[in-house]
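# Per-entry structural report
These are the residues of each chain, in order.
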Amino acid sequence: MDPADIMFLTAAVAITVTFLLTIASLHLRRGVPLPPGSLGIPLIGETLQLVAAYRTENPEPFIDERVKKYGPVFKTHVFGEPTVFMTEPDTNRLLLQNEGTLFDCSYPGSISNLLGRHSLLLMKGELHKRMHSLTMSLGSSSVIRDRLLVDMDRLIRSNLAGWSDRILLMEEAKKITFELTMKQLMSFDPGEWTESLRKEYVLVIEGFFSVPSSIFSPTYRRAIQARTKVAEALNLVVRQRRKDKERDGAKKKDVLGTLLDTDDHFSDEQIADYLVALLVAGYETTSTMMTFAVKYLTETPRALAQLKEEHDRIRGKKDHLDDLNWEDYKSMTFTQCVINESLRMANIIGGVFRRAITDIDIKGHRIPKGWRVFASFRAVHLNPEHFEDARTFNPWRWQSNSGMLMPGKIFTPFGGGTRLCPGYEIARVAISIFLHRLLTTYSWIPTEDDKSVYFPTTRTKKRYPIHVRRLDATSDVDQKD
Ligand SMILES: *[C@@H]1O[C@H](CO)[C@@H](O)[C@H](O)[C@H]1NC(C)=O
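For clarity, every value in this text was computed on a predicted model and none was experimentally measured.

Analysis parameters
Within each chain, residues carry numbers counting from 1 in the order of the written sequence. Local features in this predicted model are restricted to residues whose pLDDT is 70 or higher, and side-chain atom pairs enter the listing and the counts only when it is 80 or higher, whereas totals over whole chains, interfaces and linings include all residues. Computation of side-chain values: all heavy atoms of the structure, hydrogens and water removed. Segments assigned H or I by DSSP are reported as helices when at least four residues long, segments assigned E as strands when at least two residues long, and all are numbered from the N terminus. We compute the radius of gyration over the C-alpha atoms and compare it with the globule rule, which gives 2.2 Å times the number of residues raised to the power 0.38. We call two residues contacting when some pair of their heavy atoms lies within 4.5 Å. Only the protein chains shown count as cover for residues, with accessible areas throughout obtained via the Shrake-Rupley method and a probe of 1.4 Å. None of His or the chain ends enter the tally, which takes Lys and Arg as positive and Asp and Glu as negative. The atom standing in for a charge is NZ when the residue is Lys, CZ when it is Arg, CG when it is Asp and CD when it is Glu. We call a residue near a given molecule or strand whenever any one of its heavy atoms falls within 4 Å of it. Counting of polar contacts relies on pairs of N or O atoms within 3.5 Å, with two restrictions inside protein: one atom must be capable of donating a hydrogen and the other of accepting it, and residues adjacent in sequence are counted only when both atoms are side-chain atoms. Under the grouping applied here, Gly and all other residues not named as nonpolar or charged are polar, the nonpolar ones being Ala, Val, Leu, Ile, Met, Phe, Trp, Tyr, Cys and Pro and the charged ones Asp, Glu, Lys and Arg. The way it works is a 1 Å grid over only the protein atoms, where trapped points that fit a 1.4 Å probe form a cavity and open points with protein on both sides within 12 Å along at least five of seven lines form a pocket, and then any residue with an atom within 4 Å of a point lines it. Grid points are joined across faces, edges and corners, and a volume is the space filled by probe spheres set on the points. Note: two strands are recorded as paired if DSSP finds a minimum of 2 bridges between them. All axes here are fitted lines through C-alpha atoms, helices being fitted over the stretch that makes contact, and every angle between N-to-C directions spans 0 to 180 degrees. In plain words, nonpolar cores are sets of buried Ala, Val, Leu, Ile, Met, Phe, Trp, Tyr and Cys residues tied together by side-chain atoms within 4.5 Å. Only protein chains enter the area calculation, which uses a 1.4 Å probe; residues under 20% of their type maximum are buried, those over 50% are exposed, and those in between are partly exposed. Two aromatic rings from Phe, Tyr or Trp, using only the six-membered ring of Trp, form a pair when their centres are within 6.5 Å; if the ring planes differ by under 30 degrees the pair is stacked, by over 60 it is edge-to-face, and anything between is tilted. Only when the NZ of Lys or the CZ of Arg is both within 6 Å of the ring centre and within 35 degrees of the ring normal is a charge said to sit over the ring. Residue ranges assigned to the domains are those given by an automatic or database domain assignment. Angle categories are assigned with fixed cut-offs, so that under 35 degrees is roughly parallel, over 145 is roughly antiparallel, 65 to 115 is roughly perpendicular, and the rest are oblique. The handedness criterion is simple: a crossing whose near helix is rotated anticlockwise from the far helix by less than a right angle is left-handed, and one whose near helix is rotated clockwise is right-handed.

### Re the overall build of the protein chain
Secondary structure assignment for the protein chain yields 20 helices and twelve strands. The C-alpha atoms of the protein chain give 23 Å as radius of gyration, which agrees with the globular expectation for 481 residues (23 Å, within 12%). Dimensions of the protein chain along its principal axes, counting C-alpha atoms only, are 75 × 55 × 40 Å. Considering only intrachain contacts with a sequence separation of at least 6, the fraction spanning at least 24 residues in the protein chain is 72%. Within the structure as shown, the protein chain displays about 21100 Å² of accessible surface, and the carbon and sulfur contribution to it stands at 56%. Charge separation in the protein chain, taken as the distance between the mean sites of 65 positive and 60 negative side-chain charges, equals 4 Å.

### Quick notes on the site of the ligand
Residues in contact with the ligand, as listed here, are Asn340, Trp398, Phe411 and Arg428. One of the side-chain N or O atoms of Asn340 is found 2.4 Å from an oxygen atom in the ligand. In the environment of the ligand, an oxygen atom lies 3.4 Å from a nitrogen or oxygen atom belonging to the side chain of Arg428. Compared with its free state, where it exposes 360 Å², the ligand has 55% of that area covered by protein. Class assignment of the residues belonging to the shell around the ligand gives a composition of two nonpolar, one polar and one charged.

### Quick word on empty space enclosed by the protein
Tallied over the entire structure, the rule returns one cavity of 30 Å³ or more. As a volume, the largest cavity reaches approximately 60 Å³. Lining the largest cavity are His118, Met123, Leu127, Met131, Phe266, Gln270, Ile271 and Tyr274. Going through the elements one at a time, helix H7 (125-138) and helix H13 (268-299) are the ones with two or more residues in the lining of the largest cavity. Here the element with the most residues in the lining of the largest cavity is H13; it accounts for three residues. Among the residues making up the lining of the largest cavity, the classes are represented as six nonpolar, two polar and no charged.

### Details of the sheet that holds strand E12 (residues 465-470)
Pairing in this open sheet of three strands is antiparallel, and the strands run E4-E12-E9 from one edge to the other. If you trace the sheet from one side to the other, it starts and ends with strand E4 (165-168) and strand E9 (442-446), each paired once. Going from strand to strand, the sheet's axes swing by 35 degrees on average, the running direction of each strand aside. Looking at chain direction, E4 and E12 are connected through four bridges and run antiparallel. By the bridge assignment, Leu168 is partnered in E12 with Pro465.

### Thoughts on the environment of Glu425
Tracing the sequence through the fold places Glu425 in helix H19 (residues 424-441). Sequence-distant contacts of Glu425, defined by excluding residues within four places in its chain, comprise Gly139, Ser141, Ile144, Trp326 and Tyr329. Within polar-contact distance, the side chain of Glu425 engages the side chain of Tyr329 at 3.4 Å.

### Quick notes on the nonpolar core
By size, the foremost hydrophobic cluster in this structure holds 59 residues, and its most contacted members are Trp163, Phe434 and Leu438. Residue contributions to this core peak at ten residues, all from H19. When residues no more than four places from it in sequence are discounted, the contact partners of Leu438 are Leu160, Trp163, Val294 and Trp444. Counting 40 residues, the second largest nonpolar core, distinct from the first, contains Phe178, Val204, Leu234 and Leu275.

### Side note on the packing of aromatic side chains
This model, assessed by the stated rule, comprises 15 aromatic pairs. Ring centres 5.4 Å apart and planes at 80 degrees place the aromatic pair Phe178 and Tyr283 in the edge-to-face group. Placement of Phe178 in helix H9 (residues 169-186) and of Tyr283 in helix H13 is noted, with a sequence separation of 105 residues between them. Each member of the pair, Phe178 as well as Tyr283, is classed as buried. Summarising the aromatic geometry, the rings of Trp398 and Phe411 are spaced 4.6 Å apart at their centres and angled 55 degrees between planes, so their arrangement reads as tilted. On the criterion of sequence distance, the pair formed by Trp398 in helix H18 (residues 397-400) and Phe411 in the loop between H18 and H19 is long-range, its members being 13 residues apart. The burial state of Trp398 is the same as that of Phe411; both residues are buried. Here the guanidinium or amino end of Arg66 rests over the ring plane of Phe62, the centre of that ring lying 3.8 Å away. The side chain of Arg302 reaches across the aromatic face of Trp396, ending 4.0 Å from its centre.

### Let's talk about the domain arrangement of the protein chain
Entries for the protein chain in the domain assignment read domain 1 (1-31) and domain 2 (32-473). Just the C-alpha atoms count here: the centres of domain 1 and domain 2 sit 29 Å apart.

### A short note on the side chain of Glu310
Of note, Glu310 is situated in helix H14 (residues 301-316). At a separation of 3.3 Å, a polar atom in the side chain of Glu310 contacts the main-chain amide nitrogen of Thr333. Sequence-distant contacts of Glu310, defined by excluding residues within four places in its chain, comprise Ser331, Met332, Thr333, Phe334 and Thr335.

### Some details on the packing of H9 against helix H10 (residues 192-206)
Two elements in contact, H9 and H10, have axes whose closest approach is 11 Å; the angle formed by their N-to-C orientations is 115 degrees. Judged by the inter-axis angle, H9 sits roughly perpendicular to H10. Crossing hand, H9 versus H10: right-handed. Only Trp193, Thr194, Glu195, Leu197, Arg198 and Tyr201 of H10 make contact with H9, whose side of the interface consists of Lys174, Lys175, Phe178 and Met182.

Rendered as structure tokens:
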């Protein structure tokens, strides 16, 4: 994204009035004090410090610095609004568990416009509850075991079969997760149509962190146009599906089929919005996790060797072409440690934004009604008080729970409460299968030094270029199915 966009975003959104009102309210409020912290300079607040901090390789300088100075709950002013940052497990839990009573979800204008108002992320109240539980059920273990797993394995395998020499791992992983998601949502197999849709998608996602103004930001304008195209394409699919269903009662068990089968009588627009958002949710996050897992493993040879042993053992029990099944997945125990540790280190979703519905008193401070709140998961996951030697990749800590001082409750890579990520298990299975196929098909070396950055999203700068070499030359032929 264009740095000029960020500058403008902060300036445009933070109108002077807001700032002056904030200052005024600071002086008027009596009783419980606001959290300590600095609101920075007018309009821009501390946005530039935040952006600069997350552009470095150190994942948490912005929060670290302020926690040291002000304590675990502090106020700042970023992206146009005064915002309270929370950095501890108990306050994060309070936020996650009190959706709709103390806190409401709240996203910047660019994200909500691009997702569409019927997306799960922006739904509230009863409808959100119903749609969330429906979505959870579509990603449950039994659905994955009985229906999704075979397709996932097949799609991952056929993608990997085409690799040779130098590849950009992040790009390849994105292609894979897009195909997986399209299949799960509407039973589409990869082809020209899905690939052209993916190109539009990339433009939509680029718009998320731009200034929500078509006049000032070309990125945003492109994103809105792409979003319209995506929605139109999905609308066509929905309409066709309705027709098929009326004509011959054809029922598909994918996400779209399930939505058409509910008694809610959703409109085409509602369904398209919902699908757009799920596609976004599954696409970037899972592919970035795949890339980071490989990066951490490459940098930790002992972990890579142990993981390879686990997957060779599973492959050794099967014929070369055999599909993976649920038991295989369940036997990937060290893989789960690697995935948890990668989730902990990379923190693709570093935290969540909410808005206070009412005045909230927290640890001796007051969050005024209407203020933005940011609960940082990353701050917890990288805190040495909770995870020993917190900034080192150590998958073994999950084996014995030894490197964790408070296991369980404090690790929230998928959020929690009523907005727990409905795709958490699908993501885990997808990453597991991906690692299985990668480790049993290829060896690789990174071709360049590639660094992590944390803004606007967590990723590596060069999309992780690697050179792959097939382990078994004869499998070249076998793998094409
Ligand atoms: C990984 O984290 C999840 C929480 O997201 C937890 O339930 C699970 O037990 C962890 N797995 C291992 C192997 O520790």
